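The chain contents come next:
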Amino acid sequence: MRGPRRRRFSPHYAETSPTIFLLLRRMRAPLIVLIVIFSVSVLGLTMIPGRDAAGQPARMSFFDAFYFMSYTATTIGYGELPQPFTGAQRLWVMATIYLTVIGWAYAIGSLLTLLQDRTFRQAIALRRFSRTVTRLREPFLLLAGYGQTGRILGRALDSLGRRLVVLDLSAERVDALDIDSYHADVPGLVGDAADPRTLDFAGLDHPRCEGVLALTDNDEVNLVVAMTAALIRPGLPVVARTVSPAIEHRMRAFGSPTVVNPFDRFGDHVRLALHAPASYQLMSWLVGGPGAELPEPGRAPAAGRWVVCGYGRFGRKVVEDLRADGLEVTIIDLDEHDDEPGVIVGDASDPAVLRQARPAEAAGFVAGTDNDTTNLSLVAAARRRNPGLFVAARQNKPASAPLFEAAGVDWVVVPAEVAAREIYALLSTPLLWRFLQEMPDRGDAWAERMLDRLEAHCGSRLGSIWKATLTDAEAPALGPWLRRGDARLGDLVRDPRDRDRLVAAVPLLLLRQDETMLGPEEDERLAPGDQLLFVGHPAARRALADTMTNRAVGEYVLYGRTVPSGWLWQRITRRLPHTD
């Protein structure tokens, strides 16, 4: 038995009809008044007798009366008359002129009021937005939530040439799209992302939609976005932000979304920095994106007792990760917690309460409340008691960044930036995301060697990050060389101008089917279909592209042959065997 047929929502009809109906409803009375005034004026001119050139009584036809009232009511005033008016006709015309002025004033005032009406402006904006999205012919990402995370990620993706469609509940945030320095126009809609119809308006069902980013400040809304995308567009990539493990579990029940928890990632960073500072430094550099400065090693957090102020979602995750690493934790919070009997209840900024936590004997201190002013005061109070204390603080608002920097906090945790960097690594180069997930397992000594290689080729600023796929479509010049079975990575990265030198690029990862190899060496053998992740100078990227696509360049780089690059030679040598 066939189930009920699913009716697809039609955003075009929905966004057009309310605009028209609202316009007709609000302008109905003014239009009726104008029509009545015009009709009565025309009718009166046809009924009041006049005189023709011979002095005989004559009446105006409906057409003449309509013609006269048309140019009179519109204030054009041609002055063309069939014959001179009588006194009665002039009195009637004067009355109709004043009535017409009143009617037009009423209609224009109603129209101006309508144009300022919030509902009508929203309807017009919705119609314009829907048309813009419908006409998109490039792949785009649907970004639900344009807060701090959305803005950071949007600008980073725009620099890569990715198109975006933004949906947010705040009109101020959507209006900011017009003044942000984006390379391409970014359509924005003020609406509730938890409403499936709004998501449909924003292009969820558009064939060019290549992914959904649920980055609102509400975990429940992000859950609804992930759920709606999984039900309406099964298989569409979804990246969702949440700080709740329960919400994360519910998200994974719908398809296979990529869930980013900035609090969870911070805990992973703490543990990584404790045991592998070089790995943490390498990860921080790579997620910074092209042009990022090599971060200073900084002061590593010390092993010992930690004091955590604030036992909300962020504080709970930090405590969980610290304890999982075998560290003792003292918690200060305003409320009692039945599941945590050892919590010091009170305001941590109170000297008496802070004294109970003994910060002078602690190794680390975390100010993790949701108030920046409170966190800064906690940092200052803890530093007064222990100047050598390692301090981490949560920054909630972008405007507070200068204050945290001036306070000399060792680690400033900005959840929005943590989430944006993770998602950027995932969307810009998926192989980079895979590298970051597997890199900590290689150990700190391996990370130190990789840092030295990157710094030798890129300097203190991170170069371009790109993927090279060794297929006939993307690397036509390498086909015969790869099929020989003895192709080496070191030969591929030779300089096209001088093959005795290597290009300024470092291979980070080699992916062969589902098998990955991090930091492959020069003698690693390559095979058709391999995917390579490189980081290096942009000139190295162009040189590698020439080697992969230009047969003449490939002949020199791979075999040391200097050959003509004309079409005739390529036709002659296409089937010749390639030997060293």
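Above this text sits the structure in question.
> So what about the environment of Arg497? Which residues, and what values?
Within the element layout of this structure, Arg497 appears in the loop between helix H21 (489–492) and strand E16 (505–512). Taking relative accessible area as the criterion, Arg497 reaches 71% and is therefore assigned exposed. Linking Arg497 and Val557, residues 60 residues apart in sequence, is a C-alpha distance of 8.5 Å.

> Tell me what's going on with empty space enclosed by the protein, and back it up with residues and numbers.
Taken as a whole, this structure holds two cavities of 30 Å³ or more when the rule is applied. Along the walls of the second largest cavity sit Phe266, Val270, Trp306, Val318, Leu322, Val366, Phe390, Ala392 and Trp411, which together make up its complete lining. Listing elements by their share of the lining of the second largest cavity, those giving two or more residues are helix H11 (262–275), helix H13 (313–324) and strand E13 (390–394). The residue makeup of the lining of the second largest cavity, split by class, is nine nonpolar, no polar and no charged.

> Which residues make up a negative patch on the surface, and what values go with them?
On the surface, Glu172, Asp175, Asp178 and Asp185 cluster together into a patch of negative charge. Locating Glu172 in the fold gives a position in helix H7 (residues 171–175).

> Go over the environment of Gly235 with me, naming the residues and quoting the values.
Along the chain, the position of Gly235 falls in the loop between helix H9 (219–232) and strand E7 (238–241). Along the sequence, Gly235 and Ser256 sit 21 residues apart, while their C-alpha atoms lie 8.3 Å from each other.

> For helix H12 (residues 277–287), give the residues involved together with the corresponding values.
For H12, a buried count of nine out of eleven residues is recorded, marking the element as mostly surrounded by other parts of the structure. Within the sequence span of H12, burial applies to Ala278, Ser279, Gln281, Leu282, Met283, Ser284, Trp285, Leu286 and Val287. Contacts made by the buried residues of H12 are with H11, helix H17 (415–428), helix H18 (430–438), helix H19 (444–458), strand E15 (464–469) and E16. The first or second residue beyond H12 is Gly289, which carries a positive phi of 85°.

> Can you tell me about the nonpolar core, naming the residues and giving the values?
Of all hydrophobic cores here, the largest spans 31 residues; its most connected members are Leu282, Leu286, Phe435 and Leu454. Elements with a contribution of two residues or more to this core: H12, H18, H19, E16 and strand E18 (531–536).

> How would you explain helix H6 (residues 148–159) if you had to name every residue and give the values?
In this model, H6 (twelve residues) spans 17 Å end to end at C-alpha, consistent with the 16 Å of a helix rising 1.5 Å per residue. Within H6, burial applies to Gln148, Thr149, Gly150, Leu153, Gly154, Leu157 and Asp158. Where the residues of H6 are buried, they touch strand E3 (140–144), strand E4 (163–168), strand E6 (209–214), E7 and H17. At the exit of H6 stands Gly161, carrying a positive phi of roughly 85°.

Reading the values: rules and limits
Residues numbered from 1 in each chain as written. Predicted model: local features only at pLDDT ≥ 70, side-chain atom pairs only at ≥ 80, totals over all residues. Heavy atoms only, no water. Helix = DSSP H or I, 4+ residues; strand = E, 2+ residues; numbered from the N terminus. Buried < 20%, exposed > 50% of the residue type's maximum accessible area, 1.4 Å probe, protein only. 1 Å grid on protein atoms, 1.4 Å probe; cavity = no way out; pocket = protein on both sides within 12 Å on 5 of 7 lines; lining within 4 Å. Points joined across faces, edges and corners; volume = space filled by probe spheres on them. Nonpolar A, V, L, I, M, F, W, Y, C, P; charged D, E, K, R; others polar. Patch = residues over 30% accessible without salt bridge, like charges linked within 9 Å, V, L, I, M, F, W, Y side chains within 5 Å. Areas by Shrake-Rupley, 256 points an atom, 1.4 Å probe, with all protein chains shown as cover. Salt bridge = Lys/Arg side-chain N within 4 Å of Asp/Glu carboxyl O. Lys, Arg positive; Asp, Glu negative; His and termini not counted. Charge placed at Lys NZ, Arg CZ, Asp CG, Glu CD. Contact = heavy atoms within 4.5 Å. Core = buried A, V, L, I, M, F, W, Y, C linked by side-chain atoms within 4.5 Å. Expected span 1.5 Å × (residues − 1).

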